[in-house]
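Spelled out, the chains give:
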Amino acid sequence: MLTFPFFYVLSIVDTILVIDDDESIRNFLNELFSREGYTVYSAANGNEGWDIFIKRDPFMILLDQVLPDIRGIELLIKIKSYSPETNVIIITGYGEIKDAVRAMEAGALTYLLKPLDTTELRILIKRAKENWRIKKERDFHRKKIQTLIRGKWTPILFKSKLMAEIFEKCQLVAKTDTTVLLEGETGTGKGLFAAYLHQISNRSDGPFIDIDCTTIPENLLESELFGYEPGAFTDAKRRKEGLIELANNGTIFLDEIASLPFLLQGKLLKVIEERSFRKLGGKGEINVDVRIIVASNKDLLELTEKGLFRKDLYYRVSTFPIRLPPLRERKEDIIPLAEHFFQELKREFHKDLAGIESDALNALLDYDWPGNVRELRNTIEKAVILAQGKTITKNDIQLTIGHARSMPEETLSSYSEALAEFEKRIISDALRQTKGNQTRAAEILKVSRNFLIRQMKKYGINPYEYKMHQGNEV
């Protein structure tokens, strides 16, 4: 069985959701299963049931076939498309058996006729609970995994089958020295997965060197990667170890490898094939034992066909490709990620918030997330700052539904800048309202005074510019 280190096993909450427009049935089932130790939620229509399902993630749903706002089978299909593993039992009348059979074909566990046989229902739910528990123990790695990146333990959260398959691939390749190519859009977590691959490999005790090829000027990149000997060029006064040499017995991660100049692509190919290289100004070969992971948000094969990337290097780095799916392809991961970021950010900003409202969660699910996980975190950060009540509302989320796919690349690259401008504006507005009184401004923004002072320093905001007279507290 595959195992994953650095995880949290989340406790299984025995939660049942009853969706039925008959109040007497709802009350009866609520009382029946509450006595047996289950947590029971109930809804009188499909919309209400969907909202509870999104927020509470029940292991079992008892779903009436006929609801005032939607057919049971339509809601079943919606539930199963969001969470295929959720158990659903259809409750139906004699005249609806054909529909109930169709519901089973769509993924229902079974169907029960009214009036309900409580003995049969209890057995079914007990059996489903046991199967659910076994599955959760087997798939605990789908819940929360941590990886150490840049000195910080960072969680990788997911519940989607797509991501589970990626972790299985990571397990298979991690113990080898095979070069891995991580492909995916910006913000899909390529750096996290590179660190995770190193962490679960046989080289985990060795160094992990993380290099973004786009951030080092081209004229410095060769000396940074391969190092140099004294006298190699005018300012080379002493011997310098390159990053590849420093990664010996460990892993080197080259992010955005498509930005690597052609000359250095040839030198990197030699490192992969011969595990050796020559420093700038050096006369002898230096041998290294290093595992190489590369990443790109561009199609490397397409770049090779255009002559912009070496074919021989492409075939060496693409030995084991892993494609990280964009967030829009794994919608079931959006809510767990949003809830995690919410908890993390409300602590960081010292805001007393109870949760995210269901309308806001639905807005997150309806969005395409062109900036992926990074954009989701920024969105939750903005919402936590904006929230004036006890919960994050749909208005706090502020997404433009339906325009994600057409957003220009320039907009995505400036997202963090736009967020910073927004934060500066609301801090300035609060200080203007309070005439520079930082304590009252912090109260308006529902953050701590210390946090407000840190953010003012970060953005260079001077509270004295808003002070109207000497009597104001600052």
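Just so it is clear, the model here is predicted, and its values are computed rather than measured.

**Student:** Which residues make up the overall build of the protein, and what values do they have?
**Tutor:** Secondary structure summary: the protein contains 20 helices and 18 strands in total. Counting every position in the protein, which comprises 474 residues, the buried fraction comes to 50%. For the protein, restricting intrachain contacts to residue pairs at least 6 apart in sequence, the fraction spanning at least 24 positions comes to 72%. Of the roughly 23100 Å² of accessible surface on the protein, a fraction of 49% belongs to carbon and sulfur atoms.

**Student:** Give a description of the sheet that holds strand β15 (residues 291-296) that names residues and reports values.
**Tutor:** Spatially, β9-β12-β15-β8-β16 is the arrangement adopted by the five strands of the open sheet, whose pairing is parallel. In this open sheet, the two edge strands, each paired with only one partner strand, are β9 (208-212) and β16 (320-323). Each strand of the sheet is rotated relative to its neighbour by a mean of 20°, with strand direction disregarded. Sheet topology note: the strand β8 (residues 180-183)/β16 ladder contains four bridges and is parallel. Across the sheet, the residue bridging to L182 is I322, located in β16.

**Student:** Can you tell me about the pairing of strand β2 (residues 39-43), naming the residues and giving the values?
**Tutor:** As judged from the five bridges shared by strand β1 (residues 15-19) and β2, these two strands associate in the parallel manner. Across the sheet, L17 pairs through a bridge with Y41, a residue of β2. Read from β1 through helix α1 (residues 23-35) to β2, the crossover connection turns out right-handed.

The rules behind each value
- Residues numbered from 1 in each chain as written.
- Predicted model: local features only at pLDDT ≥ 70, side-chain atom pairs only at ≥ 80, totals over all residues.
- Heavy atoms only, no water.
- Helix = DSSP H or I, 4+ residues; strand = E, 2+ residues; numbered from the N terminus.
- Buried < 20%, exposed > 50% of the residue type's maximum accessible area, 1.4 Å probe, protein only.
- Contact = heavy atoms within 4.5 Å.
- Areas by Shrake-Rupley, 256 points an atom, 1.4 Å probe, with all protein chains shown as cover.
- Pairing = 2+ DSSP bridges.
- Axes fitted to C-alpha atoms, helices over the stretch in contact; angles between N-to-C directions.
- Right-handed = clockwise from strand over helix to strand, strands pointing away.

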